[in-house]
Amino acid sequence: MPNADIVRLDGAEKHSGAANMDIIRLDGAEKHFGAVRALAGVDFHVGSGECVGLVGHNGAGKSTLMHMVAGTLIPESGQIAVRSRVEDNYSVPRAQQLGIRCVFQELSLCPNLSVAENTRINHPALRGLGWRRKAADLITAKLDEIFPDHSISAADIASDLSIGKRQMVEVARAFTVTQDPLELVILDEPTSSLDAHTAGQLLAFVRRFVAGGKSCILISHVLGEVLGNADRIVVMRDGKVVASDAAKAFDRDRLVTTMGGAEAREKIAAEIAIQKPETGPLRVRARPARQQDGNELVAHAGEIIGLAGLAGHGQTDLLLAIFAAAAARAKTGIEVTAPVALVAGDRQSDGIFPQWSIAQNIGIRSLARLRNGLLISPQREAELADFWQKKIGIRTPDMNNNIFSLSGGNQQKVLFARALGSDAKIVLMDDPMRGVDIGTKLEVYDLVREEAGRGRTFLWYTTETEELDNCHHIYVFKNGRIVAKLGRDELTEEKIIQSSFGDAA
Amino acid sequence: MTAAPVETGPKSSSERGALARARLLRGLLPAMSLVLVLLAIAWLNPRAISYFGFSLMLNLAVPIALATIAQMFVIAGNELDLSIGTFVGFVGCVTATWLKDTPLVGVLILLGSIGVYALLGALIHLRNLPSIVVTLGMSFVWQGLAILILPKPGGKAPDWLLSLMAFKPPLVPFPIIAALLIAAVVYFGLMRTSYGVILRGSGGNAAVLERAGWSLLKTKIVLFALAGLFGVLSGMALIGITTSADANIGNGYTLLSIAGVILGGGEFVGGRVSPIGAVIGALTLALAASPLLTFMHIPPDWQVAANGAILIIVLAARVLISRRER
Amino acid sequence: MASLRLLLAKPWIWSFIGALLVWLATITFTGGYGGGGMITAALSLAVFTVIVGVGQMFVITLGPGNVDLSLPANIGLASAVAMKVMDGNDSMIAVGLLAALACGMAIGAANYLLIWALRIPPIIATLSASFIIQSIDISYGRGLQIKPPPGFASFTNWQILGIPVLAILTVLFSIGAAIALQRMIYGRSVLAIGQNIRAAWLAGVNVGRIRFLTYTLSGALGGLDGALLAGYFRGANVDIGNEYLLASIAVVVIGGTSVAGGKANVPGVWGAALFLVLLLTMLNTFGVSAGVRLLLTGLIIVGVITAAGGQTALR
């Protein structure tokens, strides 16, 4: 046990007087999933009027810990106390009664229900005559308060909303109050599908909420959000809390080092800058369906092309159109000259085959090459899997384990291995780093640059501006069109924001 | 970046308008198919469009609509009931024998059978069983029981039931009033009440409901019990019309009820069902099944084919309209 | 011991255990009399369920909502086509079999055409198609009284040492199907589509072609089954396939294939088919009435599926 790593600075506690008490306190919480130890005796607490930032790599145990706070998971040992009272039969309804809410990372709306009806699900008190009116008013008022220009109607069916709006509804729903009190809200990656503007609105609201004496746990991979909004930051690693300190005591570098992250990102920028590719043969020429002017996306061999702009402005659509054009070999006005593979961002719905092992999940894109005569060779499949396990660092004892034995970040690595292990010369990436920890990210960035150096072409849609540092060219999207093309040297955050919001057609 | 409203502006509002229009049209599709079938009938035989004509043509619509609603409750919870047809037959046999001769025993048997449905819901949930297989097995059970009760066709419906089904209200034929009533009651119960939301939510995203503290066991039991209840009503209504029973009388209802739910705009998974659509779908099927074919002078050999063809045509029309929306 | 535990963990073992228990119960009842003959008869009859069961298995594995409801109508029409083409003539057996296969394949292709062109759930598409096929059969096969060619009839009843040759051939075919499922691109693709059709498309699986092939395969097996049934039962019949709708679905699921898709099991189809056939034989031996027989069959299906447990939940 590397106990030497543990940095605990109790100076982080707020000393705002005797009235300050813990909303929730977990002592020695432990949890295993099969052979995997998800939590190894964690102590964790949140004071009232406090916003606690929780950071750590995927698989560090953050989600497990939060499930315990929310009552969806029961610790195997250790105890939970709410307002200094030990809860022996802690559960979801109990947490609800005590005013503890959670916005989970997985989108948790019923897609077939309206926004108001989804609100009702979390409020048993919304019943009897006129409940629909009450539910609609409740959620609309909260949406207005948090996201003043949200343009969501309470009658909208959840599945008709964009992913960002669904996240807005979920967040707003967590802050609605009926009969039960509201004391603590857990926000697990609340901004992962929001653009900068709405994310800002949300974080501003969280600060108001905390200033009003309520508490909040903020989990985010965007370290700036945590540094800028939390009062105290708790860092987790390998199922343990390794640091807990006032937010002011941290800066970006210290956070990254404490999390066990790799080197800082300046290195990337430097590397990519020296790695100016010669222009190879044309790989993709595509024009978005809504494009009216002559702008088009052009990619050559060895290039990493970024697709930027606000979330949901046609980047994914163009990637899918390119993918479909390659699959159908039809003349659709999109030119694709080499095999294509896609790395999905939404793992559960677009990427993972839940019944299969890790090795089978990797092999599916390369079945034709794994054949020996007519039959797929298990040996070759295992070789492919082992090669990529080493190359991309998939953390598992056995590649024949089910894919869900992996943490989220490692599942994402499997999707990368599937694409990079195939014969594809063009790799489309649909915001694949959504909710992935920084360690995994840095490893994958290296790999992408290495593969590009070998002549592969990458089309990379990302919502995180930092990732665009890896790209040679960037196309900025707005309303389904390309509105700007930027070279690496012209790339600044302001420039992208300017293009994304500007009226340029 | 001065307070640029994000994701609003012309794009998203027009998009939402389009989605709302698409949903509206999707909702109207079942009604449009019904109107289409009615127009065809009116064109082929104008005299059929009358009080008497509708009473006759929609004769069997009420039991079909009730069975379709039963199936809809099961589908709302992402399950499928392959036993509803033989269950309707079983209820018919009970209605024509026990319910007439010893009403108390008959009522108890029927209540008990609803209880069996509720138990099936519990079993399917607790053991995580595929409903298709469980109900497939149950279809043998109901049929076996029906044959044991009524080895050969016979029995007689209770008099009160006969007079209820033969009721002739002024102006509007009874089947239409009954269909409207069924649609209204179920619509209110499933789509407008606060617990109806939970029932539909269990089909939409069960994990979310569980996390919010709702019992999935209870939702499944309630959905199956409702299916049982409407199955009982369907069987009784059927016997009220045919006056006597036969162990195989309901066998066709399994497939009819599934087709009715789908024609009515329901989907197999995701809790997307529509009570009004289901009733309309059932009416369309009831009309298309025989009256339309008789008017079209289709030889008996090809009546089944025409049935299939109508189903295909209606669905094709639906696709054409939906596709334009996309 | 470990290998026994491994064996018990296989989802298909339960159907074989069930079949064995039913057989033991029956020969206990008869005092050991007719045990061998019962197995021969069960094998002969199970063959017909297995052939369509394997087709249905591939279809069901494509994922929720995928099921071929047109099999009974398909079997009925193909039996008539085979008998008409063979026309009682031994030299036409091969042609007749090919005609039945072609008829089944055409039906399967038509099914997929409906699913693809109308984008309707396969349950409804195959249901609508079955109505039409049924009418064609009624009209085409009206008053058809053609006996199968003597060579064909004796082929379907041919036994070696009490083992029906047809059963041996079907076992070989099942082995082929199992290999196709686990070790060929086709089978892997079917499994991938069944787990997540969108992910399968994005992983480069040719979803349309695989679905087309699967429905065509199911249709072809239905056609073949129709011809064989007509040979075994000495003549075609509109209703000859009726019991195979429920039977084909039941053997697939009792055999351990997931109705949620993406997980299939060929040996289980055999075990379940034997189980069902032996169950009926047992109830007949006990001399129970039709009502009780149905009741018990149903209760046992429910009981077996409850005892075997559901699929382990995903995630």
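Residues numbered from 1 in each chain as written. Chains lettered and ligands numbered in written order. Predicted model: local features only at pLDDT ≥ 70, side-chain atom pairs only at ≥ 80, totals over all residues.

## Focus on the overall build of chain B
Here is step 1 of the chain: In terms of regular secondary structure, chain B is built from 16 helices and zero strands.
Here is step 2 of the chain: Going through the 326 residues of chain B one by one, you find that 54% of them count as buried.
Here is step 3 of the chain: Long-range pairs, those at least 24 residues apart, make up 80% of the contacts in chain B with a sequence separation of at least 6. (Helix = DSSP H or I, 4+ residues; strand = E, 2+ residues; numbered from the N terminus. Buried ≥ 20, exposed ≤ 12 C-beta atoms within 10 Å, placed from the backbone. Contact = placed C-beta atoms within 7 Å.)

## Observations regarding the overall build of chain C
Here is step 1 of the chain: Looking only at helices and strands, chain C has 14 helices and two strands in total.
Here is step 2 of the chain: The proportion of buried residues among the 315 residues of chain C is 58%.
Here is step 3 of the chain: Summarising the internal contacts of chain C: among those between residues at least 6 apart in sequence, 78% fall at separations of at least 24.

## Looking at the interface of chain A and chain C
By a widespread convention, an interface's size corresponds to the accessible area lost as its parts come together.
Here is step 1 of the chain: With 19 residues of chain A in contact, the opposing surface of chain C contributes 17 residues.
Here is step 2 of the chain: Listing elements by their share of the side of chain A that touches chain C, those giving two or more residues are β15 (340–343), α11 (347–350) and β17 (375–376) of chain A.
Here is step 3 of the chain: Its residues assigned to classes, the side of chain A that touches chain C shows 13 nonpolar, three polar and three charged. (Nonpolar A, V, L, I, M, F, W, Y, C, P; charged D, E, K, R; others polar.)

## Let's talk about the sheet that holds strand β11 (residues 282–286) of chain A
In any sheet, the strands associate via hydrogen bonds between backbone groups, in a parallel or an antiparallel arrangement.
Residue and element names in this part refer to chain A.
Here is step 1 of the chain: Read from one edge to the other, the open sheet built from three strands follows the order β12-β11-β14, with strand pairing classed as antiparallel. Edge positions in the sheet fall to β12 (297–300) and β14 (335–336), since each has one partner strand and no second.
Here is step 2 of the chain: The pairing of β11 with β14 spans two bridges and is classified as antiparallel. Among the inter-strand pairings, valine 284 is bridged to a residue of β14, identified as valine 336.
Here is step 3 of the chain: Lying on the sheet, helix α10 (residues 315–328) is in contact with β11, β12 and β14; it crosses β11 at an angle near 120°. (Pairing = 2+ DSSP bridges. Axes fitted to C-alpha atoms, helices over the stretch in contact; angles between N-to-C directions.)

## What about the packing of helix α4 (residues 71–86) of chain C against helix α6 (residues 122–140) of chain C?
All names here are of chain C.
Here is step 1 of the chain: Orientation of α4 relative to α6, taken along the N-to-C sense of each, is 25°, at an axis distance of 8 Å. In terms of orientation, α4 lies roughly parallel with respect to α6. Pair α4 / α6 crosses with left-handed handedness. Here α4 contributes Pro72, Ala73, Asn74, Gly76, Leu77 and Ala80 to the contact with α6, which in turn contributes Ser130, Ile133, Gln134, Ile136, Asp137 and Tyr140.
Here is step 2 of the chain: In the contact of α4 with α6, the residues fall into seven nonpolar, four polar and one charged. (Parallel < 35°, antiparallel > 145°, perpendicular 65-115°, else oblique. Left-handed = near helix turned anticlockwise from the far one by under 90°.)

## Concerning the interface of chain C and chain B
Here is step 1 of the chain: Counting residues at the interface gives 41 residues for chain C, matched by 37 residues for chain B.
Here is step 2 of the chain: Those elements that provide at least two residues to the side of chain C that touches chain B are α5 (93–118), α6, α12 (244–254) and α14 (290–308) of chain C.
Here is step 3 of the chain: The residue makeup of the side of chain C that touches chain B, split by class, is 28 nonpolar, twelve polar and one charged.

## Some points on the nonpolar core
Side chains that are nonpolar tend, in soluble globular proteins, to be buried together.
Here is step 1 of the chain: With 368 residues, the main nonpolar core has Ile322(A), Ala65(B), Ile69(B), Val279(B), Leu283(B) and Ala250(C) as its most contacted residues.
Here is step 2 of the chain: If one sorts the elements of this core by residue count, helix α3 (residues 35–61) of chain C sits on top with 15 residues.
Here is step 3 of the chain: Contact partners of Leu283(B), with chain neighbours within four places excluded, come to Leu34(B), Leu58(B), Ala61(B), Ala65(B) and Ala179(B). (Core = buried A, V, L, I, M, F, W, Y, C linked by C-beta atoms within 7 Å.)

## Focus: the pairing of strand β10 (residues 240–246) of chain A
Residue and element names in this part refer to chain A.
Here is step 1 of the chain: Burial analysis of β10 places six of its seven residues in the buried class, the great majority of the element.
Here is step 2 of the chain: Here strand β9 (residues 232–237) pairs with β10 via six bridges, running antiparallel. Among the inter-strand pairings, valine 234 is bridged to a residue of β10, identified as serine 244.
Here is step 3 of the chain: With antiparallel pairing between neighbouring strands as the criterion, β9 and β10 make up a hairpin whose turn holds two residues, including aspartate 238 at a positive phi of roughly 50°.

## Considerations on helix α13 (residues 253–263) of chain B
All names here are of chain B.
Here is step 1 of the chain: In terms of burial, α13 is largely enclosed, as eleven of its eleven residues are buried.
Here is step 2 of the chain: For α13, every residue scored as buried is listed here: Tyr253, Thr254, Leu255, Leu256, Ser257, Ile258, Ala259, Gly260, Val261, Ile262 and Leu263.
Here is step 3 of the chain: Count one or two residues on from α13 and you reach glycine 265, which has phi positive near 95°.

## Regarding the confidence of the model for chain B
Here is step 1 of the chain: Averaged over chain B, the pLDDT score is 85; the fraction of residues at 70 or greater is 89%.
Here is step 2 of the chain: With pLDDT under 50 throughout, residues 1–12 of chain B is counted as low confidence; its partners more than four residues away or in other chains account for 18 contacts. (pLDDT = per-residue confidence, 0-100.)

## Brief notes about the sheet that holds strand β13 (residues 304–309) of chain A
Residues and elements named next belong to chain A.
Here is step 1 of the chain: Spatially, β15-β18-β19-β13-β20-β21 is the arrangement adopted by the six strands of the open sheet, whose pairing is mixed. The sheet is open, and its two borders are formed by β15 and β21 (481–487), each paired with just one other strand. Strand-to-strand twist across the sheet, computed as the mean angle between neighbouring axes with direction ignored, equals 20°.
Here is step 2 of the chain: Pairing of β13 with strand β20 (residues 473–478) involves five bridges; the strand directions are parallel. Among the inter-strand pairings, leucine 307 is bridged to a residue of β20, identified as tyrosine 475.

## Observations regarding α4(C)
Here is step 1 of the chain: Under the 1.5 Å per step criterion, the end-to-end length of α4(C) is 22 Å for 16 residues, consistent within 8% with the ideal 22 Å.
Here is step 2 of the chain: Taken from the residues just after α4(C), Asp87(C) is the one with a positive phi, measuring 50°. (Expected span 1.5 Å × (residues − 1).)

## Description of unusual backbone geometry
With the exception of glycine, most residues fall at negative phi, and the peptide bonds are largely trans.
Here is step 1 of the chain: Positive phi values are uncommon outside glycine, yet Asn78(B) reaches one of about 65°.
Here is step 2 of the chain: Structurally, Asn78(B) is set in the loop between α3 (61–76) and α4 (84–96).
Here is step 3 of the chain: Overall, Asn78(B) belongs to the partly exposed group, with 19 C-beta atoms counted inside 10 Å.
Here is step 4 of the chain: Notably, Arg234(C) is not glycine yet its phi reads approximately 60°, a positive angle.
Here is step 5 of the chain: Residue Arg234(C) is classed as partly exposed on the basis of its 13 C-beta neighbours within 10 Å.

## Observations regarding the UniProt feature "transmembrane region" (unreviewed entry) in chain C
Residues and elements named next belong to chain C.
Here is step 1 of the chain: With numbering aligned to this structure, UniProt lists the feature "transmembrane region" (unreviewed entry) at residues 12–33, 39–62, 92–115, 122–140, 160–181, 244–262, 269–288 and 294–314.
Here is step 2 of the chain: Secondary structure over residues 92–115 splits into 96% helix and 0% strand, and the C-alpha atoms at its two ends are 35 Å apart.
Here is step 3 of the chain: End-to-end, the C-alpha atoms of residues 160–181 are 30 Å apart, and along that stretch the chain is 77% helix and 14% strand. (UniProt positions renumbered as here; feature names shortened; annotations may be inferred.)

## Examining the pairing of strand β4 (residues 77–82) of chain A
Residues and elements named next belong to chain A.
Here is step 1 of the chain: In this structure, β4 lies alongside strand β5 (residues 85–87), joined through three bridges in antiparallel fashion. Looking at β5, one finds that alanine 81 is bridged to valine 86.
Here is step 2 of the chain: Taken together, β4 and the strand that follows it, β5, pair antiparallel across an intervening segment of two residues, in which arginine 83 is found at a positive phi of about 50°.

## Focus on the confidence of the model for chain C
All names here are of chain C.
Here is step 1 of the chain: Looking at chain C, the pLDDT average stands at 87 and 96% of residues meet or exceed 70.
Here is step 2 of the chain: Ignoring residues within four places in sequence, the model shows residues 311–315, a span with pLDDT below 50, making seven contacts including any to other chains.
Here is step 3 of the chain: The complex model carries a pTM of 0.78, and its ipTM stands at 0.85.

## Observations regarding the environment of Ala155(A)
All names here are of chain A.
Here is step 1 of the chain: Secondary-structure assignment places alanine 155 in the loop between α4 (131–146) and α5 (163–174).
Here is step 2 of the chain: The exposed category is assigned to alanine 155, around which 12 C-beta atoms lie within 10 Å.
Here is step 3 of the chain: Linking alanine 155 and serine 114, residues 41 residues apart in sequence, is a C-alpha distance of 5.4 Å.
Here is step 4 of the chain: Apart from residues lying up to four places away in sequence, alanine 155 is in contact with Ser114 and Ala116.

## What about the environment of Glu225(A)?
Residue and element names in this part refer to chain A.
Here is step 1 of the chain: Note that glutamate 225 resides in helix α7 (residues 223–229).
Here is step 2 of the chain: Judged by local crowding, glutamate 225 falls into the buried class, with 23 C-beta atoms found within 10 Å.
Here is step 3 of the chain: Along the sequence, glutamate 225 and valine 448 sit 223 residues apart, while their C-alpha atoms lie 26 Å from each other.

## Here's the deal with the environment of Gly130(A)
Residues and elements named next belong to chain A.
Here is step 1 of the chain: Secondary-structure assignment places glycine 130 in the loop between α3 (115–121) and α4.
Here is step 2 of the chain: We classify glycine 130 as exposed; it has 10 C-beta atoms within 10 Å.
Here is step 3 of the chain: With 209 residues separating them in the primary sequence, glycine 130 and proline 339 have C-alpha atoms 57 Å apart.

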